[in-house]
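Tertiary structure, described
These are the residues of each chain, in order.
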Amino acid sequence: PPDFGTLYSGRALEFDGVVDYVNCGDNPAFDVGSDDFTLTLWVNTSTAISSSDWARLAFYGESGGSGDYRYSIVINDDEYLGFDIDDNTTAKSVETSTAYNDGKWHQVVGVRDGTDIKLYVDGVLKATTAIGSYGSLDMPGESFYIGAENNSGSVDKYFTGKLANVQLWGAAWSSSDVQYAYTHPEKFAYNT
């Protein structure tokens, strides 16, 4: 309807929090090394996360076993959204201070930009932290997961809810890139 604003349509994946996940396999494009990158997705959930736990929305690497190498977007037991990286020496993370299990769609963007990591939600910068000099996030042989994580070769940290438009970019988005992607999700890749 013309008077009701802009309408968007698309598809999402719905995860049951028990066994659902997508294994995107191993691809050299997932190895971001020490370079800048952006990980983004849209999330919709109304489920409470169990105490002392979290769920991975998008995850690359391995937790446990021979060490932690990863980058991921998470939702924790406070229903806060977060972005974390770990080069097996130093773990760094940023998170919101507001719960996002409200049953609405939210764009989440995690950016590694130079010596910082940043978290944006719905086009707004929510948190940033300095990471300084940081090791490589290359993990040949590991897979990229949507809706869960690889923990020493087994899958856990399942997500309950819907995810859409998961993207990994080999560049750091600026704040104007994030805002444009939020307000024009169907045009961003074409216009920038």
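The preceding data block contains the structure.
These remarks concern the structure in this document. (Residues numbered from 1 in each chain as written. Predicted model: local features only at pLDDT ≥ 70, side-chain atom pairs only at ≥ 80, totals over all residues. Heavy atoms only, no water.)

1. Things to note about unusual backbone geometry
- Of note in the backbone geometry, Glu79 takes a positive phi value of approximately 65° without being a glycine.
- Phi at Asn88 is positive, roughly 75°, even though this residue is not glycine.
- In this fold, Asn88 is placed in the loop between β6 (80-87) and β7 (91-99). (Helix = DSSP H or I, 4+ residues; strand = E, 2+ residues; numbered from the N terminus.)

2. Details of the pairing of strand β3 (residues 37-44)
- For β3, the buried fraction is high: eight of the eight residues fall into the buried class.
- Here β3 shows a buried face lined by Phe37, Leu39, Leu41 and Val43 and a second buried face lined by Thr38, Thr40, Trp42 and Asn44.
- In the sheet, β3 pairs with strand β8 (residues 106-113) via seven bridges, with the strands oriented antiparallel. Across the sheet, the residue bridging to Leu41 is Val108, located in β8.
- In this structure, β3 lies alongside strand β14 (residues 160-169), joined through six bridges in antiparallel fashion. (Buried < 20%, exposed > 50% of the residue type's maximum accessible area, 1.4 Å probe, protein only. Pairing = 2+ DSSP bridges.)

3. Structural notes on the sheet that holds β7
- One open sheet holds the six strands; their spatial order is β2-β11-β4-β5-β6-β7, and the pairing between them is antiparallel. Where the open sheet ends on each side, the last strands, each with one partner, are β2 (22-23) and β7.
- The sheet contact formed by β6 and β7 spans six bridges and is antiparallel. By the bridge assignment for β7, Ile85 is matched with Lys92.

4. A few points about the side chain of Arg56
- With respect to the element layout, Arg56 can be found in strand β4 (residues 54-62).
- You can call Arg56 buried: its relative accessible area is 2%.

5. Section: the side chain of Glu142
- Summarising the element assignment, Glu142 is placed in the loop between β10 (124-130) and β11 (144-146).
- In this structure Glu142 is buried but unpaired, with Arg70 as the nearest side chain of opposite charge at 12 Å.
- Setting aside residues no more than four positions away along its own chain, Glu142 makes contact with Gly25, Asp26, Tyr60, Gly61, Glu62 and Asn150. (Lys, Arg positive; Asp, Glu negative; His and termini not counted. Salt bridge = Lys/Arg side-chain N within 4 Å of Asp/Glu carboxyl O. Contact = heavy atoms within 4.5 Å.)

6. A short note on the pattern of salt bridges
- Within this structure, the stated rule accounts for five salt bridges.
- In this structure, Asp84 engages Arg70 in a salt bridge whose closest nitrogen and oxygen atoms are separated by 3.2 Å. Here Arg70 lies in strand β5 (residues 69-76) and Asp84 lies in strand β6, a separation of 14 residues in the sequence.
- One salt bridge in this structure joins Asp113 and Lys118, with 3.4 Å as the shortest N-O distance.

7. Observations regarding the packing of aromatic side chains
- Per the counting criterion, the structure on display carries eleven aromatic pairs.
- Relative to Tyr71, the ring of Phe37 has its centre 4.8 Å away and its plane inclined at 50°; by these criteria the two rings are tilted. Here Phe37, found in strand β3, pairs with Tyr71, found in strand β5; they are 34 residues apart in sequence, far enough to count as distant.
- The buried category is assigned to Phe37, whose relative accessible area is 0%.
- Residue Tyr71 is classed as buried on the basis of its relative accessible area, which comes to 0%.
- Ring pairing ties together the aromatic residues Phe30, Phe37, Tyr60, Tyr71, Phe83 and Phe144, which thus form one cluster.
- One residue, Lys157, lies across the ring of Trp54, its end atom 3.7 Å from the ring centre. (Phe/Tyr/Trp six-rings, centres within 6.5 Å; stacked < 30°, edge-to-face > 60°. Lys NZ or Arg CZ within 6 Å of the ring centre and 35° of its normal.)

8. Digging into the layout of surface pockets
- Estimated volume of the second largest pocket: approximately 160 Å³.
- The wall of the second largest pocket is formed by Trp54, Arg56, Val74, Asn76, Tyr80, Gly82, Phe83, Asp84, Ser93, Val94 and Glu95.
- For the lining of the second largest pocket, the secondary structure elements donating two or more residues are β4, β5, β6 and β7.
- It is β6 that provides the largest number of residues to the lining of the second largest pocket, a total of four residues.
- Residue composition of the lining of the second largest pocket, by class: five nonpolar, three polar and three charged. (1 Å grid on protein atoms, 1.4 Å probe; cavity = no way out; pocket = protein on both sides within 12 Å on 5 of 7 lines; lining within 4 Å. Points joined across faces, edges and corners; volume = space filled by probe spheres on them. Nonpolar A, V, L, I, M, F, W, Y, C, P; charged D, E, K, R; others polar.)

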